[in-house]
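Working through the structure, step by step
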Amino acid sequence: MTEIEVKKAQDSLQDRLAQVIELLQRQRVVEDLTHRQEGHHHDLVENLVHRQNLVELQRKLDDLHPADIAYILEALPLDDRLTVWQLVRSDRDGDILLEVSDAVRQTLIADMDDHELLAAAKEMDADELADLAPELPRDVVHELMESLDAQQRERVRSALSYDEEQVGALMDFEMVTIREDVSLEVVLRYLRRLKELPGHTDKLFVVDYDGILKGVLPIKRLLVNDPEKKVAEVMANDPVTFHPEEDAYDAALAFERYDLVSAPVVDKNERLIGRLTIDEMVDLIREESESEVLNMAGLREEEDIFASVWRSLRNRWAWLAINLITAFVASRVIGLFEGSIEKLVALAALMPIVAGIGGNSGNQTITMIVRAMALDQVSPGNTSRLMRKELAVSLINGLVWGGVIGVVAFWLYGSWSLGLVMTAAMTLNLLLAALMGVLIPMTLTRLGRDPAMGSSVMITAVTDSGGFFIFLGLATLFLM
């Protein structure tokens, strides 16, 4: 291991980010000092110091992996981000554009001219081009397609013809195919003639002369078996395969379930047309997880943390408006019982507890249901059983913790009646939270929406209004 590799292994990603930020701050300080100076050599000194800092920063960037540079770009404000982006070597632009988030990628592309975009795109494979093409200017895409050879152009068009959530949009066209009637020795000689193997090659794909997939030959079988054996004798005849129209997230779950590194993609005639690789599946699972978290909070899209105020407002306003309406409804529920609250001030102090615990319990239920739905563990046959189970859990929690807070209410205010009302209200609100925690994601799914879409906002609205109504209603009936 070289000295540079040792240093890179020792430095954490946070350390690298801190070093880049320090260099940027140092550059700004030196520039500010030189601007204040006057004299004949002022411009020369400023230019020399400026160039020295940029060279040091560029040297630091050259030692980093594209994924690390992408992380750093995402963590910098726009001005610093563009300064760093200008220092990245042009031959690395494509790799970094594929690594950064969609929101940050837009800011980087906006800073590049057509010539730079074409140069970056020409270094990409067909599947990578298909991933990037929708975000490029139309004239750049047209010129890029014209520059590709017939095979690459057809591959890009094929990938673009599928929805981004389908397997076909993620499949890779770089793979090694062999025939089943050759010996392992012939396969080994063939591999040695290649300059390099495609990334994540853990198996070779066995096809006939018409391109029909016959099986796969894992590399480990190739290496440990007698070179005189035929491929047909040692290959796996029943590999896990995917079709380009299948849901990509289902494929990602299959990769996790079967511990796959790569898998063939075949058309309806079982002809091999591409492959899926573990790196794409990991990225997809991460993106789905991030999207689910954003949806539960009511955010419409991934947001650049250093985006403009207006862009952030557009991303957040919709569910905030809905939340405002539901908060107003909750306030009107409280308004219905103003007389009761005036007579027994303790109600005002205790009612947020009922609503808060209900919201927390509802979010727990929704999280479990959304996860189960993502894993296809929820079906019409087990919905009622799932509902009964969640209601039973909420009933027990309500009686136990409602009893605890009821005792606390008696200790504080000296009223057993208030303690019993508190216990009953807590139990009923937890039952409501469990019911809505199951119904909200299932209803969203039936409407063709993401089950996580704004679910935390909706469940909080229900448990707040419901909790206030239940607690104040019971208090009015039994205490006034």
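In this text the structure is predicted, and so the values were computed from the model without any measurement.

As for the nonpolar core
In terms of nonpolar packing, the biggest core is built from 59 residues, with L57, L73, V84, W85, I96, F242 and L276 touching the most fellow members. Residue contributions to this core peak at five residues, all from helix α15 (residues 248–258). Setting aside anything within four residues of it in sequence, one finds L276 in contact with V167, L170, M171, F242, A251, F255, V261, S262, A263, V265 and M281.

As for the packing of helix α5 (residues 78–87) against helix α7 (residues 102–110)
Remark: α5 packs on α7, axes separated minimally by 11 Å, with the N-to-C direction vectors making an angle of 65 degrees. Once α5 is placed against α7, the crossing between them reads as right-handed. For the pair α5 and α7, the contacting residues are L78, R81, L82 and W85 in the first and V104, T107 and L108 in the second. Class assignment of the residues belonging to the contact of α5 with α7 gives a composition of five nonpolar, one polar and one charged.

Considering the pairing of strand β4 (residues 262–266)
Burial within β4 is extensive, with five of its five residues counted as buried. The side-chain alternation of β4 yields two buried faces, one formed by S262, P264 and V266 and the other by A263 and V265. Relative to strand β5 (residues 272–277), β4 is paired through five bridges, and the arrangement is antiparallel. When the bridges of β5 are listed, V265 appears paired with G274. Between β4 and β5, which pair antiparallel one after the other, the connecting turn spans five residues, and E270 there sits at a positive phi close to 65 degrees.

Some details on the environment of V231
Residue placement: V231 occurs in helix α14 (residues 231–234). Note: C-alpha distance between V231 and S183 (48 residues apart in sequence) is 5.7 Å. Sequence-distant contacts of V231, that is, excluding residues within four places in its chain, are made with I178, R179, E180, V182, S183, L184, V187, V206 and L217.

Regarding the sheet that holds strand β1 (residues 177–178)
Read across the open sheet, the three strands follow the order β1-β2-β3; overall the sheet is mixed. Across the chains shown, the open sheet's two edge strands, defined by having one partner strand only, are β1 and β3 (213–218). Where strand β2 (residues 203–207) lies against β3, five bridges are found, and the strand directions are antiparallel. Its bridge partner lying in β3, V207 is registered against L213.

Details of the packing of aromatic side chains
On inspection of all chains with the given rule, the structure shows three aromatic pairs. Between the aromatic rings of F337 and F469, the centroid separation amounts to 5.9 Å while the plane-to-plane angle is 70 degrees, which identifies the pairing as edge-to-face. Placement of F337 in the loop between α17 (309–335) and α18 (338–343) and of F469 in helix α22 (residues 455–479) is noted, with a sequence separation of 132 residues between them. With relative accessibility at 11%, the residue F337 sits in the buried group. Centre to centre, the rings of F410 and W416 are 4.1 Å apart; their planes meet at 20 degrees, and the pair counts as stacked. Since its relative accessible area comes to 28%, F410 is described here as partly exposed.

What counts and what doesn't
- Residues numbered from 1 in each chain as written.
- Predicted model: local features only at pLDDT ≥ 70, side-chain atom pairs only at ≥ 80, totals over all residues.
- Heavy atoms only, no water.
- Core = buried A, V, L, I, M, F, W, Y, C linked by side-chain atoms within 4.5 Å.
- Buried < 20%, exposed > 50% of the residue type's maximum accessible area, 1.4 Å probe, protein only.
- Helix = DSSP H or I, 4+ residues; strand = E, 2+ residues; numbered from the N terminus.
- Contact = heavy atoms within 4.5 Å.
- Axes fitted to C-alpha atoms, helices over the stretch in contact; angles between N-to-C directions.
- Left-handed = near helix turned anticlockwise from the far one by under 90°.
- Nonpolar A, V, L, I, M, F, W, Y, C, P; charged D, E, K, R; others polar.
- Pairing = 2+ DSSP bridges.
- Phe/Tyr/Trp six-rings, centres within 6.5 Å; stacked < 30°, edge-to-face > 60°.

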